[in-house]
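# A look at the structure
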Amino acid sequence: MSYIRRRKAPANPVRNEEENGKDKEKEKEKKVKVTRIGGEKIKRWSCVDSCCWFVGLICSIWWFLLFLYNAMPASFPQYVAEAITGPLPDPPGVKLRKEGLTVNHPVVFVPGIVTGGLELWEGRQCAEGLFRKRLWGGTFGELYKRPLCWVEHMSLDNETGLDRPGIRVRPVSGLVAADYFAPGYFVWAVLIANLARIGYEEKNMYMAAYDWRISFQNTEVRDRSLSRIKSNIELMVATNGGKKVVVIPHSMGVLYFLHFMKWVEAPGPMGGGGGSDWCAKHIKAVMNIGGPFLGVPKSVAGLFSIEARDIAVARTFAPGFLDKDVFGLQTLQHLMRMTRTWDSTMSMIPKGGDTIWGSLDWSPDVFYNCSVKKHKNNDTHSAFQNDKESLGFTKNINYGRLISFGKDIAESHSSKLERLDFRGALKGRNLGNTSNCDVWTEYHEMGVEGIKAVTDYKAYTADSVLDLLHFVAPKMMKRGDAHFSHGIADNLDDEKYKHYKYWSNPLETTLPNAPDMEIYSMYGVGIPTERAYVYKLTPQSECHIPFQIDTSANGGNEYSCLRDGVYSSDGDETVPVLSAGFMCAKGWRGRTRFNPSGIRTFIREYDHAPPANLLEGRGTQSGAHVDILGNFALLEDIIRVAAGASGEDLGGDRVHSDIFKWSENINLVL
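Residues numbered from 1 in each chain as written. Predicted model: local features only at pLDDT ≥ 70, side-chain atom pairs only at ≥ 80, totals over all residues. Heavy atoms only, no water.

Per an unreviewed UniProt entry, the recorded name for the protein chain is phospholipid:diacylglycerol acyltransferase, and the organism is Sphenostylis stenocarpa. The record held by UniProt for the protein chain lists under Sequence similarities (unreviewed entry) the comment "Belongs to the AB hydrolase superfamily. Lipase family." Per UniProt, the protein chain carries the Subcellular location (unreviewed entry) text "Membrane". (UniProt positions renumbered as here; feature names shortened; annotations may be inferred.)

The following block contains the structure:
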């Protein structure tokens, strides 16, 4: 039989229990990572604890600052700024209201490229839930959330330049269309606020919003935008006691309104049928801000390689990042495909050819001091003296070569250049298997032979740049040729110049018959502005853009105008002085064949002065292309004219640059 034996009890049961308890505590300490200091248990600091603490600190600081922002008086930021810089000047609206100025002429704003908001009215499945949400402007939230869908909806049809099937993107209406480009980044908001201070309201202010992506005539074909502008101006004149409007276009809006003035007087169906005296009856003044009347070289770089100076420098610091498939996006290729469907960009290709922009060995705008040391005041005399001192360090730069393949090509005399004509060259073998590319560009059809032909020509002037763009982007330029022209008219009485493709080129059309009207050209100066480029070939790959700005090309001293592969001239950082000022300095000055009724023209230049400190924001004396819309001197000029002043009342021309001298260097029959 079996026996069951009883286990013997331990001699000291209390001691064993204590040992078991200690073992359990050790196991717990291992689990929670506890150390003992001075007999006390202290928990170790882990990475998760650090992250939580950091997030909590940031949130606490954020809520504290938010509390202070809402608790402090509205005048506190101004008080701090005045304590640092001294008393701030009154905003122009406040200053002029004290002088007794009040509402007089209705005001029309014409925004430029990219500054007007666009919203979705019809989209594809990937854009579900975005009806009437902004795709352009505002927070750009959809760009970050669904970038490929955003590119698809912002692109236009590559054949027609209009909507793609199943997509309708339309301009936002009202003053909110372009008051702010993004939260905190004003465009028209400061001007609107200052006009409001002398009594203006929405009943006598109108934002002429339009889809800035499509050609000017197509804004009428698709959206009736030109007809809406005509009707609103007529309504504002009728409801404001017959007082004519003051029109304020900015950037590409200058070209758009130039097109409008020809359209509104032209007979239908091509024109608005307003008659030859419509502008004389309805417009007091056109105050053009930063107007690219003769185009901008920046547009050439944008269409050729989707670059400007900033992008080129970024590609140097992060080679391949924008070109390769990063996070599922070939960024530059997508941007090129999208922007090459925007026909409006072709309106800003340089106009007037070599006559205006210079040839291989000549250009009208020379001897500009590109020193990084900028003047912080509007003292024209001191600026002139500074430029005179720097002449010994600068060379006679030839800006006529808009594109040069190599720094040595840019600097060599034309007699030393061995060039092979690219026109008619065969576009041969493809670069590689492009079936794996996320996005197609016209460069995929050029082949090795076509790309070599482009580089073998070596240097391109304003005339040959047009042929270059026809060679590398034939589909885009085919659409552009139907809507824009970039030459100089021999005989403005020729019937062909009645076609709308010439209406936005001031060298191929005439101003309206309105002798009492005034035209102003208002723009910033004193900022190095892109004028010509040094290019290089990029390494071959399946999906690459073959040409790139050569950021290694630089001048030899601080006064050199060649930096990071870009030659700079005087301007507002986007539009060179030559383009913004020539027409009012010479082309339209007095009675000319481009200005048969002798409309008075005025040049108002604003010498750039950067903000003295961060509290000034973007500055009140800025001459930069967009920031100038917050320039107090410019705002005051506009408000005075809207209140009834003339150009003579403002003091006539206000000039800091050499625009009159450069204009005389241009041999144009007037």
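## Quick notes on unusual backbone geometry
Residue Gly268 is joined to Pro269 through a cis peptide bond whose omega torsion reads 5°. When you line up the elements, Pro269 lands in the loop between helix H10 (252–265) and helix H11 (278–282). The phi dihedral of Arg224 is positive, around 60°, even though this residue is not glycine. (Helix = DSSP H or I, 4+ residues; strand = E, 2+ residues; numbered from the N terminus.)

## Focus on helix H20 (residues 474–483)
For H20, every residue scored as buried is listed here: Met476, Met477, Arg479, Gly480 and His483. All buried residues of H20 project into a common sector of 155° when viewed along the axis, lining one side. On its buried side, H20 packs onto helix H8 (216–223), helix H12 (297–305) and helix H19 (462–472). (Buried < 20%, exposed > 50% of the residue type's maximum accessible area, 1.4 Å probe, protein only. Arc of directions from axis to C-beta. Contact = heavy atoms within 4.5 Å.)

## Re the environment of Leu258
Inspection of the secondary structure assignment puts Leu258 in helix H10. For Leu258, a relative accessible area of 6% corresponds to the buried category. Put simply, Leu258 and Pro506 are 248 residues apart on the chain and 7.9 Å apart in space, counted from C-alpha to C-alpha. In this view, Leu258 contacts Trp503, Ser504, Asn505, Pro506, Leu511 and Trp588; residues no more than four positions away in its chain are not counted.

## So, the nonpolar core
Grouped together as the largest cluster of nonpolar side chains are 119 residues, with contacts concentrated most on Phe260, Ile283, Phe304, Val454 and Val472. With 10 residues, the top contributor of residues to this core is H10. Setting aside anything within four residues of it in sequence, one finds Ile283 in contact with Lys244, Val245, Val247, Phe257, Met261, Trp278 and Met517. Ala177, Trp188, Met207 and Val641 belong to the second largest nonpolar core, which has 37 residues in total. (Core = buried A, V, L, I, M, F, W, Y, C linked by side-chain atoms within 4.5 Å.)

## Some details on the packing of aromatic side chains
According to the stated counting rule, one finds 30 aromatic pairs in the structure shown. Taken together through their ring pairs, the aromatic side chains of Phe304, Phe405, Phe422, Tyr457, Tyr460, Phe471, Tyr533, Tyr535 and Phe547 make up a single cluster. Residue placement shows Arg618 over the ring face of Tyr185; its charged tip is 3.7 Å from the ring centre. We note Arg618 situated over the ring of Phe186; from NZ or CZ to the ring centre the distance is 3.8 Å. (Phe/Tyr/Trp six-rings, centres within 6.5 Å; stacked < 30°, edge-to-face > 60°. Lys NZ or Arg CZ within 6 Å of the ring centre and 35° of its normal.)

## A closer look at the side chain of Asp637
Within the secondary structure, Asp637 sits in helix H22 (residues 632–642). Looking at Asp637, its side chain comes within polar contact range of the side chain of Tyr606, at 2.6 Å. Look past the residues within four positions of Asp637 in its chain and what remains in contact with it is Met287, Met522, Arg604, Tyr606 and Leu650. (Polar contact = N/O pair within 3.5 Å; in protein donor to acceptor, adjacent residues only side chain to side chain.)

## Some words on the state of the cysteines
Applying the stated criterion across every chain, the model contains 1 disulfide. Covalently, Cys126 is tied to Cys149 through a disulfide, its sulfur atoms 2.1 Å apart. Looking along the S-S bond of the Cys126-Cys149 disulfide, the torsion reads about 80°, which is the right-handed sense. You can see Cys126 sitting in the loop between strand E4 (118–122) and strand E5 (134–136) and its partner Cys149 sitting in helix H6 (residues 147–154), a full 23 residues away along the chain. Classification of Cys126 as partly exposed rests on a relative accessible area of 31%. Judged by relative accessible area, which is 9%, Cys149 ranks as buried. (Disulfide = S-S within 2.5 Å.)

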